[in-house]
Structure formats: C-alpha cells, structure tokens
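Descriptive analysis of the structure
Listed below are the residues making up each chain.
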Amino acid sequence: MKTRYRLLAGAPGLLLAQGAWAQDPAIRNDPAGESAAEPSEQTRRTLSFSVPLVSETRAFGEVFIEVEADNSYLIDTASFRREIAPILNEEGLAGLDQVLEGQALTSAESLQTAGIDITFDQRRLQLVILGIRPELLAVQQIGARSDRRSGIQLNRIEPARFSSYLNVTGNFDYDTALGAELPSFFLDGATRIGGVVVEYDGAITDQFTGDVQFLRRATRAVYDDPDSYRRYSAGDLVVESLSVLRNPQIGGVAIEKRRRIFDPFLSVTQLGGRQIFLDNRSTVEVRVNGERFDTLQLDAGTYDLANLPIQQGSNDVQLLIRDSFGQERIVDYSFFFENLALPAGEEEYSLAVGVLSRPLGFQQDYTDEVAASGFYRKALSENLVLGAAFQASEDVQTVAGSVSIVPQIIPGVFDFETGVSHSDSGMGLAVRAGFQLQTGNALSNASQLAVNVEYESSKYRTIDLVQPINFDLLSVGASYSRSFSESIFAVVGGSFVRNSGRGEDNYNAFFDVNYRLNNRMRLSAGAEYGSAIGGREQFGVRIGLTWALGGRTRVNADYRSRIDNYRANISRGADNSIGSFGYDAGISQFGDQTQADVQVQYVSNRFAARADVTSSGNSIGDVFAQQRARVQISSAIAFADDTFAIGRPVTNSFAVASSHPALKSQGIVTARTLEGSEYYARSGALGAALQGDLSAYSEQNIQFDAADPEDGFDVGDGVVLVEPPYRSGYKLVIGNEYFVSVIGRLEDPDGPVTLESGTVTSADGDEGFKPLVFFTNRQGRYALFGLAVGKRYRVELPQSGRQFEFSVPEDGGALVRLEPVQVPAVE
C-alpha cells in the first residue's frame with residue numbers, strides 16, 4: 001500500500017494535503033509501539049495521488065497517477081478514460097480501449113500509440129495533454145451551452161433578489177446649417193424585485209417638441225413563469241401576432257405563451273451537416289447575421305455549427321479562423337431557417353386587452369378606444385402547424401389564419417397566412433404565402449429556393465391606427481442560390497410589385513456570382529434588369545470586392561451602374577474587450593451626390609463611445625460643402641442587492657463583481673471568456689466590475705480573475721454558471737478573508753523535522769476557519785493555504801506529541817514566509 005495524497009497548487013516542490021493523512025505502514029511506528037522502522041528508499045519515494053488533467057485550452061477532472069523513485073510515472077487507466085472519453089470519437093475510443101485493455105496502470109508511451117501525447121508537469125503538479133490526433137476527436141458543438149466547463153461541475157449561482165440598472169446615452173449633434181444642437185439623453189433600464197420586473201424607457205430632449213423636456217416612451221411590468229413558458233405583462237405593450245396583423249401598441253394587460261421567449265438559442269437540426277475541421281489549435285471568431293457571437297480558442301478537431309443562435313429567415317454565419325501559424329481564413333455559411341420548431345402537440349398563444357395608442361411619436365398617445373388582440377398556434381404534428389388570430393376594436397375587426405406545412409410528397413416548407421377585416425371602409429383581404437426549399441449540406445452542393453407572395457387590398461385594416469394605404473398592393477419575389485464549390489456561389493432572383501395607387505408596375509431581375517479568390521479576397525459580379533423608375537436605367541451591372549487585411553480589418557469596394565452608385569471603404573470592427581477600437585471610413589457617390597463618412601468606436605471599462613462624421617456635396621471637389629457630426633457616449637449604473645457598479649450599457653441581464661472586503665483594493669476582471677489580457681469589465685475606484693452582456697434564459701459562464709497578476713489571490717474556480725431570468729442582476733464577491741498562504745520550516749534540536757503530519761486549527765476561536773492538514777517534506781519545509789490576516793493558528797503533531805502556534809501578520813500580503821519554528825526534541 002502506497003501513500004495517497006491530494007495535490008493542490010502551492011509553492012513549487014511542496015505538497016499540500018487536503019483530506020485524511022494516510023501513511024505507508026513502513027513509516028508508521030511498528031505494532032509493538034517500539035522504534036520506527038526505517039523505510040526503504042523505493043517505499044518512501046513511490047507515491048500515488050490525484051492530479052488535474054489539463055490541455056492548453058481546457059481543464060478536465062482529476063486522474064490518479066503513481067510517481068516512482070526515478071521520477072517516472074504511471075497513469076490510472078479507469079480515471080484517465082473517464083475524463084478523456086467525452087472528447088474522443090468512436091475511432092479514438094476504440095484505439096484507447098485497445099491500449100488500456102487489461103491494465104490498471106498505463107504509461108505515457110503506451111498512450112502515444114493511441115494517438116494521445118501526454119506528460120506530467122512536476123512543477124505545476126498536473127497531467128498535461130500535449131496533443132491528440134484531430135481525426136480521433138469527437139465532433140464538438142460551437143455555440144452549445146453546458147453546465148460542465150471543461151469536465152468540472154460549475155458553481156451555479158442565483159440572481160439577486162433586488163437588482164436594477166439604467167442605461168444613459170448622450171447624443172451631441174452638429175450640422176453646418178444648424179450649428180451645434182442641444183444635447184439629448186436617452187434612458188432605458190429595468191428594476192427586478194423577486195420575480196417581477198419593471199421596465200422603463202424615456203428621453204430628455206428637444207427633438208420631438210422643440211423644448212427640452214422629459215418624455216416617457218414606455219413603462220411595463222413583467223412576470224415570467226418559465227416552467228409553463230408564460231409571460232404576464234401590464235403597461236405599454238406591443239404584443240406579437242401573425243405577420244398579416246400588424247402589432248398594435250396597447251396600454252393594458254397581456255399574457256403570452258411562447259417557447260422562444262424562454263429558449264432563445266434554438267437548436268437547429270437542419271444544420272447538422274455544417275461543420276468545420278481544424279488541424280491545429282486555432283482562434284475562431286463567430287459572427288451571426290453581422291453580430292459577433294463569440295470568440296473561441298479551439299483545439300484541433302471537428303466542430304458542428306448546430307447550436308448557433310440563428311433567427312427565422314435568412315441567416316449569415318461567418319467564421320474568422322486564425323491558426324497557430326498566424327494564417328487566417330474566412331468561412332461563410334448562408335442558409336434559410338423556417339421555424340416549425342413547435343414539438344408535436346405543443347401550443348403558443350397571446351392575448352392583450354387595453355386601450356389603443358397612436359403609433360406615430362416618441363411617447364405614448366393613448367385614445368379612449370378599447371381593443372383586444374390575440375393569436376393561437378399549435379403543432380398538430382412534426383410537419384403541420386396551424387394558427388389563428390384576431391384583432392378587435394370599435395372601428396375595426398380582423399381575423400386571420402396560418403398554415404405551415406412540410407409535405408411528405410413534395411420537398412420544402414410551405415407557409416400561408418390570410419387575414420380578413422371589417423371596418424367603416426368595408427371588407428378587406430390580406431394574403432401572404434411562402435415556399436422554401438434547401439438541399440445539400442455542404443459548401444460544394446448546397447442550394448436554396450425561396451418564393452414569396454404578398455397581397456393587401458385597399459380596404460384591409462388592422463387596429464394599429466396606422467394610416468391605411470387605400471390602394472391594392474401585390475408583391476411577388478423569388479430567389480435561387482447554389483454553391484458549386486467551396487469557392488463559387490451564385491444566386492438568381494427577381495421581384496414584381498403592383499401598386500394600384502401609382503398606376504404602374506415595378507419589376508427587377510438579377511444574377512450574382514461570388515468567387516473566393518483566396519482566403520482573404522472575395523469577388524462578386526452580376527447583372528440586373530428592371531423598371532425605368534426614378535431615372536434608373538433598365539439594365540446595369542454590379543461588381544464588388546472584399547479584401548480581409550488581417551485581424552478585424554477589411555476593405556470593400558462596390559459599384560452598381562444601374563443606379564450610378566459606387567462605394568469604397570475600409571473598416572475595423574471593435575470587439576467587447578476594454579480598450580477595443582474600431583472604425584469605418586468610406587466614400588460613395590449616388591448620381592450627382594458625393595459623400596465621405598467616418599465612424600469611430602471606442603470601448604472603455606465604464607462607457608462606450610461612438611463618433612459619426614458625414615460630409616457631402618455635389619461632386620468630389622465639393623464633398624466638404626456640408627457636414628454633420630454626432631457623438632454618442634453610453635454608460636450604465638447598476639445595483640445588485642447592496643453592490644453598485646458603473647459600466648457599459650446593459651443589454652438584458654448583468655452581474656456586478658467585486659473582491660471580498662478583506663482583500664481591500666484588489667481589483668477584479670470579468671468576461672464571458674477571459675483571453676490573455678482581454679476582458680470585459682474591471683472593478684476599481686468607481687465600484688464593482690459590471691458584466692452587462694448576459695442573455696436571459698440561457699446558460700452562460702462568467703469568468704473572473706484578479707486584475708493584477710503580480711499581487712494576485714485565490715479566486716476559487718474562476719468561473720460561475722448563470723441562467724439569468726429576464727432583466728436580472730447577479731452579485732459576485734470574489735475571494736474571502738482566508739487568502740493568505742504561508743511557507744515555513746520546522747526544526748528541533750536534531751535538525752529539520754521531516755515527514756511529520758498534523759492538524760492546523762484556529763487558536764483564537766475563529767468559527768469560520770476549517771481545520772487544515774499539516775505535513776513537512778524531507779527538508780522540514782511546510783506550506784499552508786487558506787489563512788486569514790491577523791489570525792493565530794495552532795499546529796498539533798500527534799505522531800510526536802508536539803505542538804506550536806504562529807500568527808499571520810497584518811501587512812504580510814498574500815504570501816508570507818515565516819521564520820523557522822523550533823519545537824522540542826522527541827523524548
């Protein structure tokens with residue numbers, strides 16, 4: 001039986017034990033209680049203990065190893081397979097099982113034959129995966145959220161009972177014709193008490209009335225019941241319905257049942273074939289529909305895009321991949337997603353009752369007209385969803401129905417909506433129909449067909465009080481796209497619009513080809529033919545070039561002869577990390593008008609700033625004839641329980657993070673993913689760090705660390721798991737008063753006290769302190785972690801019947817080196 005230790009981080013070369021001390025019988029006193037037997041060198045030096053299994057980008061659970069006298073080591077097969085199995089595919093597991101078959105322990109050399117390169121880092125006391133052959137790795141999901149980060153169960157925390165935030169955006173405008181305008185301040189925020197949320201939105205401005213005043217745009221109270229997918233709300237409401245019924249503004253009460261409110265990240269099984277393969281460790285920036293979704297540090301392997309948060313309709317996914325060689329490539333995916341995602345038998349609905357508001361204007365302008373709006377939708381099967389809706393007021397009554405179907409005999413998805421209205425104008429009709437068909441699942445053979453038809457009669461009305469169009473409107477559109485290879489993509493389409501009010505038809509047809517010249521450059525070219533309206537030519541060509549210069553910088557140039565328009569610009573996107581800087585500078589011409597514009601963005605810890613400057617004229621030489629500039633500065637104040645923070649605007653939910661009061665001025669940095677020196681927020685003189693980019697009803701991590709690595713302290717796991725309710729706030733207190741580590745040496749008159757074990761307890765009655773295990777190595781050195789400043793501790797050594805006490809100084813910092821401690825000799 002060998003000695004089993006639990007290894008924790010500490011001073012190099014020191015073992016910190018946590019748990020019961022279990023000595024080898026050879027170094028315990030003999031059964032007769034006589035003199036201790038002298039253990040052999042092999043017995044003393046062969047140890048079995050658990051260490052964390054890690055790679056460069058991931059930490060797994062713990063694996064037992066045995067370290068021999070010559071520093072060679074063996075790995076416990078059962079614990080190693082348990083931790084490594086989730087990231088291997090069937091081929092990788094089969095090869096591993098073949099190597100491990102019939103063995104309780106295995107070597108790093110044996111694992112190399114299974115395609116797994118591993119080593120034991122004796123300085124950090126961890127088992128390190130240096131590499132795994134990429135073809136042996138399981139397909140991993142980009143965008144998936146999980147309770148397990150890197151194989152370790154995360155600490156899930158609950159939101160604060162009271163939380164509140166207010167976003168403030170200041171607009172400062174200048175125009176050469178009007179001069180400098182008075183600044184405007186736009187406000188939005190929410191307060192959450194228990195399960196009830198009150199949202200508010202307004203402005204202090206002269207934009208709408210000519211006089212500076214406060215305008216209330218909207219206020220509503222919300223209560224969510226996630227278990228039943230229901231939301232109850234009261235106040236200023238805009239409740240969704242079928243698309244043929246425009247959403248009215250109602251002051252009243254509403255109930256909604258929608259899975260998408262509580263499950264924003266839809267799992268898209270249709271994208272199962274969209275994968276990328278990385279043959280070396282890479283950084284991948286993911287953008288969905290033009291917005292940065294995440295930046296990931298990925299090991300070599302195959303990754304599936306099935307968990308990206310796409311929206312209904314057309315979607316563009318772009319991956320910027322920067323590999324270990326510094327080379328970059330861009331992968332684009334375009335696809336159409338039609339949501340038939342209601343499980344068979346599930347329903348969704350909404351009902352709102354109140355008074356109508358006139359829709360034009362910044363603040364609400366309520367009438368005395370009572371109205372109601374509602375809809376109901378149910379999945380009768382996996383391939384058929386039916387819906388119905390109504391709107392009713394004193395002047396207008398409208399009913400509508402919808403069908404979404406995936407026929408088994410005809411490929412594709414068919415959608416149909418129709419609405420019939422009754423009003424003082426008479427009976428009206430609206431119809432919307434669509435068809436989508438997507439085939440193929442790879443870049444080289446994917447194709448998509450989309451057709452849509454919309455018709456609205458001149459007498460069709462809804463209750464939204466928008467001025468009626470008073471003429472028949474017919475619109476038909478179709479497009480077909482296909483990828484012929486990983487480099488060539490083409491799309492052809494057209495549209496037709498008949499407007500009885502204008503008395504003329506508008507039509508347009510186009511054809512475009514996109515060709516990827518290399519990993520950085522993409523060329524597009526096409527032609528179009530259409531109506532000669534507004535001075536446009538009937539035929540024209542268009543050509544565009546996109547060139548990725550590296551990082552987030554790219555150059556675009558585009559020309560369209562039919563409308564006599566060109567534009568060229570260079571841009572660099574800003575990310576969410578503090579100090580990030582972005583810009584977009586371009587020049588364009590439309591007919592006789594020439595315009596130059598510059599946008600600059602800057603991201604700070606406590607605010608975000610943006611400046612837009614536009615200059616225009618009748619020619620390039622006259623481009624500076626008229627200028628308009630706007631500077632926007634946005635910030636937020638937030639509270640969670642009793643903790644205050646100032647930071648960038650909050651999107652939905654947030655977390656405030658600060659260090660424990662015992663740590664005094666120690667700073668904290670937070671991010672959804674901490675990458676090198678990049679982070680989202682930092683605590684400081686203006687309060688806690690404000691992590692303001694949390695999404696509601698979605699599991700996500702908040703990572704945190706000490707801001708100053710030179711004066712760091714133990715932050716625990718460094719990550720928590722949250723699933724924020726709607727517009728909620730979290731309070732994070734990082735660290736505790738037990739942050740001090742001590743290193744010392746134990747001696748008696750005979751020299752160093754070696755291989756001595758014992759227990760550390762509080763000597764001054766500190767009830768919050770949990771006893772620690774104490775032991776010395778062969779040089780008599782010991783190390784302890786988890787002590788508090790200004791406290792006194794007692795060390796008891798039951799083997800020899802000795803004890804001693806020591807104190808942690810007030811000004812010693814996080815690491816204290818104690819003077820050698822002298823204890824009496826053993827009698």
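Figured I'd write up the structure that's included with this text. (Residues numbered from 1 in each chain as written. Predicted model: local features only at pLDDT ≥ 70, side-chain atom pairs only at ≥ 80, totals over all residues. Heavy atoms only, no water.)

**Focus: the overall build of the chain**
A count of helices and strands for the chain gives five helices and 59 strands. For the chain, the proportion of contacts with a sequence separation of at least 24, taken over those separated by at least 6, is 53%. Summed over its atoms, the accessible surface of the chain is roughly 40300 Å², and 52% of this surface lies on carbon and sulfur atoms. (Helix = DSSP H or I, 4+ residues; strand = E, 2+ residues; numbered from the N terminus. Contact = heavy atoms within 4.5 Å. Areas by Shrake-Rupley, 256 points an atom, 1.4 Å probe, with all protein chains shown as cover.)

**Here's the deal with the packing of aromatic side chains**
Summed over the entire model, instances satisfying the criterion amount to 16 aromatic pairs. Where phenylalanine 639 meets phenylalanine 644, the ring centres are 5.3 Å apart and the plane angle is 50 degrees; that geometry is what we call tilted. With a centroid separation of 4.8 Å and 50 degrees between ring planes, the pair formed by phenylalanine 774 and tyrosine 782 is classed as tilted. With relative accessibility at 1%, the residue tyrosine 782 sits in the buried group. Site record: aromatic cluster; members linked through ring pairs are Tyr738, Phe769, Phe774, Tyr782, Tyr793, Phe804 and Phe806. Between arginine 231 and the ring centre of tyrosine 726, over which it is positioned, the NZ or CZ distance is 4.2 Å. The lysine or arginine in question, arginine 648, covers the ring of tyrosine 680, its NZ or CZ lying 3.9 Å from the ring centre. (Phe/Tyr/Trp six-rings, centres within 6.5 Å; stacked < 30°, edge-to-face > 60°. Buried < 20%, exposed > 50% of the residue type's maximum accessible area, 1.4 Å probe, protein only. Lys NZ or Arg CZ within 6 Å of the ring centre and 35° of its normal.)

**Focus: the pairing of strand 45 (residues 668-671)**
Covered by surrounding structure in strand 45 are Ile668 and Thr670 together with Val669 and Ala671, the residues of both alternating faces. By the bridge criterion, four bridges tie strand 45 to strand 48 (residues 700-706) in an arrangement that is antiparallel. Within the sheet, the bridge partner assigned to alanine 671 lies in strand 48 and is glutamine 703. (Pairing = 2+ DSSP bridges.)

**A few points about unusual backbone geometry**
Positive phi, normally seen in glycine, also occurs at tyrosine 697, with a value near 55 degrees. Turning to its location among the elements, tyrosine 697 is positioned in the loop between strand 47 (689-694) and strand 48. With relative accessibility at 9%, the residue tyrosine 697 sits in the buried group. Of note, the phi angle at leucine 755 is positive, near 50 degrees, even though the residue is not glycine. We classify leucine 755 as partly exposed; its relative accessible area is 30%.

**Details of the side chain of threonine 553**
On the secondary structure map, threonine 553 appears in strand 37 (residues 553-560). Residue threonine 553 is classed as buried on the basis of its relative accessible area of 13%. Setting aside chain neighbours within four positions, we find threonine 553 in contact with Trp547, Ala548, Ile570, Ser571, Arg572 and Tyr583.

**Quick word on helix 3 (residues 90-100)**
Of the positions making up helix 3, those classed as buried are Gly92, Leu96, Val99 and Leu100. Take helix 3 and look down its axis: the buried residues cluster within an arc of 90 degrees, on one side only. The outward face of helix 3, more than 90 degrees from its buried face, is lined by the exposed residues Glu90 and Gln98. Of the surrounding secondary structure, the elements contacted by the buried residues of helix 3 are helix 2 (77-84), strand 5 (105-106), helix 4 (108-113) and strand 6 (116-121). Just downstream of helix 3, glycine 102 is the residue with a positive phi angle, here 75 degrees. (Arc of directions from axis to C-beta.)

**What to know about the nonpolar core**
What tends to happen in soluble globular proteins is that the nonpolar side chains get buried as a cluster. Core analysis: the biggest nonpolar cluster contains 40 residues, and Val742, Leu746, Phe774, Leu787, Tyr793, Phe804 and Phe806 have the highest contact counts within it. By size, the runner-up hydrophobic cluster in this structure holds 28 residues, among which are Val51, Phe60, Ile65 and Leu111. (Core = buried A, V, L, I, M, F, W, Y, C linked by side-chain atoms within 4.5 Å.)

**Notes on the environment of serine 695**
With respect to the helices and strands, the residue serine 695 is situated in the loop between strand 47 and strand 48. By relative accessible area, which is 26% here, serine 695 ends up partly exposed. Expressed as a C-alpha distance, the spacing of serine 695 and serine 653, which sit 42 residues apart in the sequence, is 6.1 Å.

**Focus on the sheet that holds strand 54 (residues 772-775)**
Within the open sheet, the four strands sit side by side as 54-53-56-57. Their pairing is antiparallel. Taken across any chain shown, the strands that pair with only one partner, and hence form the sheet edges, are strand 54 and strand 57 (802-807). Strand-to-strand, the axes of this sheet are offset by a mean angle of 30 degrees, without reference to chain direction. Bridge count for strand 53 (residues 757-762) against strand 54 is four bridges, and the pairing is antiparallel. Residue threonine 759 lies in a different strand from strand 54, and its bridge partner there is valine 773. (Axes fitted to C-alpha atoms, helices over the stretch in contact; angles between N-to-C directions.)

**Overview of the sheet that holds strand 46 (residues 681-682)**
In space, the five strands of this open sheet follow the order 11-49-48-45-46, with mixed pairing throughout. Two strands bound the open sheet, and with one partner strand each, they are strand 11 (155-156) and strand 46. Where strand 11 lies against strand 49 (residues 719-722), two bridges are found, and the strand directions are parallel. Considered in strand 49, the bridge of asparagine 155 is made with valine 720.

**Topic: a nonpolar patch on the surface**
Taken together, the side chains of Phe484, Ile488, Tyr507, Tyr515, Leu517, Leu523, Tyr529, Phe539, Val541, Ile543, Leu545 and Tyr559 make up a nonpolar region of the molecular surface, amounting to roughly 1000 Å² of accessible area. For the nonpolar patch, the secondary-structure elements that each account for two or more residues are strand 34 (504-516), strand 35 (521-530) and strand 36 (539-550). The element contributing the most residues to the nonpolar patch is strand 36, with four residues. On the secondary structure map, tyrosine 515 appears in strand 34. (Patch = residues over 30% accessible without salt bridge, like charges linked within 9 Å, V, L, I, M, F, W, Y side chains within 5 Å. Salt bridge = Lys/Arg side-chain N within 4 Å of Asp/Glu carboxyl O.)

**Observations regarding the pattern of salt bridges**
Two side chains with opposite charge may pair up if their charged atoms get near one another. Scanning all chains against the criterion turns up 32 salt bridges. Of the charged contacts in the structure, one is a salt bridge between glutamate 699 and arginine 156, with a shortest N-O distance of 2.9 Å. Of this pair, glutamate 699 sits in the loop between strand 47 and strand 48 while arginine 156 is found in strand 11, placing the two residues 543 residues apart along the sequence. Assessed through its relative accessible area of 35%, arginine 156 is described here as partly exposed. Here arginine 802 makes a salt bridge to aspartate 748, at a shortest N to O gap of 3.1 Å. Of the two residues, arginine 802 is situated in strand 57 and aspartate 748 in strand 51 (residues 740-748); the sequence distance between them amounts to 54 residues. Residue class for arginine 802 comes out buried when judged on its relative accessible area of 8%. The exposure class assigned to aspartate 748 is buried, which follows from its relative accessible area of 10%. A cluster of three or more residues bridged by salt bridges with shared partners is formed by Asp512, Glu528, Arg542 and Arg562.

**Quick notes on the environment of alanine 696**
By the element assignment, alanine 696 lies in the loop between strand 47 and strand 48. Owing to a relative accessible area of 12%, alanine 696 belongs among the buried residues under this scheme. Measuring from C-alpha to C-alpha, the distance between alanine 696 and serine 728 comes to 7.9 Å, with 32 residues separating the pair along the chain.

**Focus: the packing of helix 2 against helix 3**
For the pair helix 2 and helix 3, interaxial distance at closest approach is 12 Å and the crossing angle is 175 degrees. As far as their axial angle goes, helix 3 and helix 2 are roughly antiparallel. Within the contact between the two elements, helix 2 uses Thr77, Phe80, Arg81 and Ile84 and helix 3 uses Leu93, Leu96, Asp97 and Leu100. Of the residues assigned to the contact of helix 2 with helix 3, the class counts are five nonpolar, one polar and two charged. (Parallel < 35°, antiparallel > 145°, perpendicular 65-115°, else oblique. Nonpolar A, V, L, I, M, F, W, Y, C, P; charged D, E, K, R; others polar.)

From the geometry alone we can't say anything about function, so treat these as descriptive.
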